[in-house]
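Understanding the architecture of this molecule
Listed below are the residues making up each chain.
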Amino acid sequence: MALINQKGGVGKTTTAVNLAAALQEKGKKVLLCDFDPQGNATSGFGMDPRLIETTVYDLVISDEPDTKKAIIHTKWVDLLGSNTDLAGAEIDLLGLERREYRLRDVLAPVKNSYDYIFIDCPPSLGILTLECLCAADSFLVPLQTEYYALEGLSQLMATVRSVQKGLNRSIRIEGIVLTMYDGRTNLAVQVVEEVKKHFGDRVYATVIPRNVRLSEAPSHGQPITAYDRLCRGAEAYLSLAEEFLNKNSDP
């Protein structure tokens, strides 16, 4: 599943890290693939992106990627790490065959070893995000509750429709998670109402609040459940994980 939003600073990586950790805690085996050149999901699990021996960039440009060897086993989830080298993939991929499916090929050998594979996408709609959408079965949109959020969402959905027409017909929307919510503002409440009006039950009932502890956790290299389990942010992501499992349980 790809976590995607072309706008930065919306809680995308925060959601990727904390939802993955919460699901692992609930007994699921999770792999997080950091496909953002900033490497924030990598450092969010306590790894220094500069010191990773084999990054996801090395895998996607290789004709014979050894995915299993590249997986890092952190305290919380398994991880395919990233760093700024991935920024060069935009150019490097241009000359490669089946360039849109390189990430899918990287993940294929380990797909059956995990209950869930999350892909933290870059904050753009370029070739790297296209790779993510071609590799994923579904996508989750973390959406900040602010004015410009809906405009960006329409652009994203247009991109997904283009991918569905040819490159990955099976990809579907997993849902929308509302982030950085401040119920004291009328604007936040209005954005929630507008998103629910357009997307209905695809919008998760769990809303992620603005929370200082959530902002602090990445600098300590820990998911929020390890950094401060009793804060509102931790409660929200544990609730989101529970809702996610209920939505994805076998009938």
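In case you missed it, the structure is sitting above this.
Along each chain, the written sequence defines residue order, and numbers are assigned to residues from 1. Per-residue local features of the predicted model are confined to residues with pLDDT of at least 70, and side-chain atom pairs are confined, for both listing and counting, to 80 or more; whole-chain, interface and lining totals are unaffected and use all residues. Computation of side-chain values: all heavy atoms of the structure, hydrogens and water removed.

**Points about the nonpolar core**
The nonpolar core is taken to be a set of buried Ala, Val, Leu, Ile, Met, Phe, Trp, Tyr and Cys residues, with the residues joined through side-chain atoms within 4.5 Å. Each residue gets one of three labels from its accessible area relative to the maximum for its type: buried under 20%, exposed over 50%, partly exposed in between, using a 1.4 Å probe on protein chains only. Core analysis: the biggest nonpolar cluster contains 47 residues, and Phe35, Leu103, Leu107, Ile119 and Phe139 have the highest contact counts within it. Contacts were defined at the residue level, with two residues in contact if any of their heavy atoms lie within 4.5 Å. Not counting chain neighbours up to four residues away, the residues in contact with Ile119 comprise Met1, Ala2, Leu3, Cys33, Phe35, Leu103, Leu107, Cys132, Ala135 and Ala136. Leu19, Ala20, Ala234 and Phe244 belong to the second largest nonpolar core, which has 36 residues in total.

**Some points on unusual backbone geometry**
One non-glycine residue, Arg98, lies in the positive phi region at around 50 degrees. Secondary structure elements follow DSSP: runs of H or I no shorter than four residues count as helices, runs of E no shorter than two count as strands, and numbering proceeds from the N terminus. As for its position among the elements, Arg98 is in the loop between helix 5 (89–92) and helix 6 (102–107). Positive phi, normally seen in glycine, also occurs at Met180, with a value near 55 degrees. Tracing the sequence through the fold places Met180 in the loop between strand 7 (172–179) and helix 9 (186–199). For Met180, a relative accessible area of 24% puts it in the partly exposed group.

**Overview of helix 1 (residues 12–25)**
Helix span, expected: 1.5 Å multiplied by one less than the number of residues in the helix. Between the first and last C-alpha of helix 1 there are 20 Å, a value that for 14 residues agrees with the 20 Å anticipated at 1.5 Å per step. Counting buried positions along helix 1 gives 11 out of 14 residues, so the element sits mostly inside the fold. Looking only at helix 1, the buried set comprises Lys12, Thr13, Thr15, Ala16, Val17, Asn18, Leu19, Ala20, Ala21, Ala22 and Leu23. With its phi angle positive at about 100 degrees, Gly27 sits one or two positions after the end of helix 1.

**What about the sheet that holds strand 3 (residues 72–73)?**
A pair of strands is treated as paired once DSSP finds two or more bridges between them. Taken in spatial order, the 7 strands make up an open sheet running 3-4-2-5-1-6-7, and their pairing is mixed. The sheet terminates laterally at strand 3 and strand 7, the two strands that pair on one side only. Inspection of the sheet shows strand 6 (residues 138–144) paired to strand 7 by 7 bridges, in the parallel sense. By the bridge assignment, Leu143 is partnered in strand 7 with Leu178. Running over the sheet, helix 9 touches strand 6 and strand 7 and is turned about 170 degrees from strand 7. Convention adopted: a line fitted to C-alpha atoms gives each axis, helices being fitted over their contacting stretch, and angles between N-to-C directions are expressed from 0 to 180 degrees.

**Thoughts on the pairing of strand 2 (residues 30–34)**
The buried count for strand 2 comes to 5 of 5 residues, which makes it a mostly enclosed element. The side-chain alternation of strand 2 yields two buried faces, one formed by Val30, Leu32 and Asp34 and the other by Leu31 and Cys33. Pairing of strand 2 with strand 5 (residues 116–120), which is carried by 5 bridges, proceeds in the parallel orientation. Each residue of the ladder has a partner; that of Val30, found in strand 5, is Tyr116. Sheet topology places strand 2 next to strand 4 (residues 78–80); 3 bridges connect them, and they run parallel. Of the residues in strand 4, the one forming a bridge with Cys33 is Leu80.

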